[in-house]
Amino acid sequence: EEFFNESEVNLIATYTASGIQAGVPTDISITTPKTYALLRVELSHACWLTLYSDTVSRTNDQNRLETTDSTPGSGVLAEVISTSATSQLITPGTICFNSSASNITYAKLVNKSGGQVNLQVQLTLVPLEA
């Protein structure tokens, strides 16, 4: 389930992943502008969230451990790891984009809450290219 609000300067893109099992990587696609500045990430539960520029980058990153930094040029745009529900300010500001110029941000969620949950991700962003 997705929600994309275009009524403000800062936009909020929301995605709810239903019935996410603990510890199981789950691929999602969030409707966003083609290019945007990411300001904040809010997570409803303990989670490891990674945003990618394309699906190939997400697939290539599937075996990377949470404790290992991504390599430059890998297509990882941003990452938030939390131990509970959180609102994480993204500093310094991060420019995110879809490498094929579509309105989708590809992501991977890993539920770290210890049980099955409906996990909500909320991205606060400023559109740079619709």
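The structure this text deals with has already been given above.
Per chain, residues are indexed from 1 in the order of the written sequence. Confidence filtering applies because this is a predicted model: local features only for residues at pLDDT of at least 70, side-chain atom pairs given and counted only at 80 or more, and all residues used for totals across whole chains, interfaces and linings. Excluding hydrogens and water, the side-chain values take into account all heavy atoms of the structure.

Peer 1: Please give an account of unusual backbone geometry that cites residues and values.
Peer 2: For the bond from Thr91 to Pro92, the omega torsion is -5°, close enough to zero to count as cis. Helix and strand definitions follow DSSP, with helices as H or I runs of at least four residues and strands as E runs of at least two, each counted in order from the N terminus. As for its position among the elements, Pro92 is in strand β7 (residues 86-97).

Peer 1: Quick one: what's the story with the side chain of Thr26, residue by residue and with numbers?
Peer 2: The topology assignment puts Thr26 in strand β3 (residues 25-31). For the purposes of these results, a polar contact is taken to be a pair of N or O atoms within 3.5 Å, where, inside protein, one atom must be able to donate a hydrogen and its partner to accept one; residues adjacent in sequence count only when each atom of the pair is a side-chain atom. Here the side chain of Thr26 touches Val24 through a polar contact of 3.3 Å, landing on its backbone oxygen.

Peer 1: Describe the environment of Asn10, naming the residues involved and giving the relevant values.
Peer 2: As for its position among the elements, Asn10 is in the loop between β1 (2-5) and β2 (11-20). Once the C-alpha coordinates of Asn10 and Leu39 are considered, the two residues, 29 residues apart in sequence, prove to be 8.7 Å apart. Contact definition: two residues touch when any of their heavy atoms are within 4.5 Å. When residues no more than four places from it in sequence are discounted, the contact partners of Asn10 are Leu39, Thr124, Leu125 and Val126.

Peer 1: Describe in detail the environment of Phe97, supporting the description with residues and values.
Peer 2: Examined against the element boundaries, Phe97 turns out to sit in strand β7. Separated by 21 residues in sequence, Phe97 and Val76 place their C-alpha atoms 10 Å apart. Setting aside anything within four residues of it in sequence, one finds Phe97 in contact with Lys34, Thr35, Tyr52, Ser53 and Leu77.

Peer 1: Describe the pairing of β3, and please don't skip the residues or the numbers.
Peer 2: Of the two faces of β3, only one is covered, namely that formed by Thr26, Ile28 and Ile30; the face formed by Pro25, Asp27, Ser29 and Thr31 stays uncovered. Should DSSP find at least two bridges between two strands, the strands are regarded as paired. The sheet contact formed by β3 and strand β8 (residues 104-111) spans seven bridges and is antiparallel. Bridge pairing links Asp27 to Lys108 in β8. The buried label goes to any residue with under 20% of its type's maximum accessible area, the exposed label to any with over 50%, and the partly exposed label to all in between, with areas taken from a 1.4 Å probe on protein chains only.

Peer 1: So what's going on with the side chain of Thr35? Residues and values would help.
Peer 2: Within the secondary structure, Thr35 is located in strand β4 (residues 35-43). Here Thr35 falls in the buried class, since its relative accessible area comes to 17%. A distance of 3.0 Å separates polar atoms of two side chains, one belonging to Thr35 and the other to Glu129. Filtering out sequence-adjacent residues up to four positions away, Thr35 remains in contact with Ile95, Cys96, Phe97, Pro127, Leu128 and Glu129.

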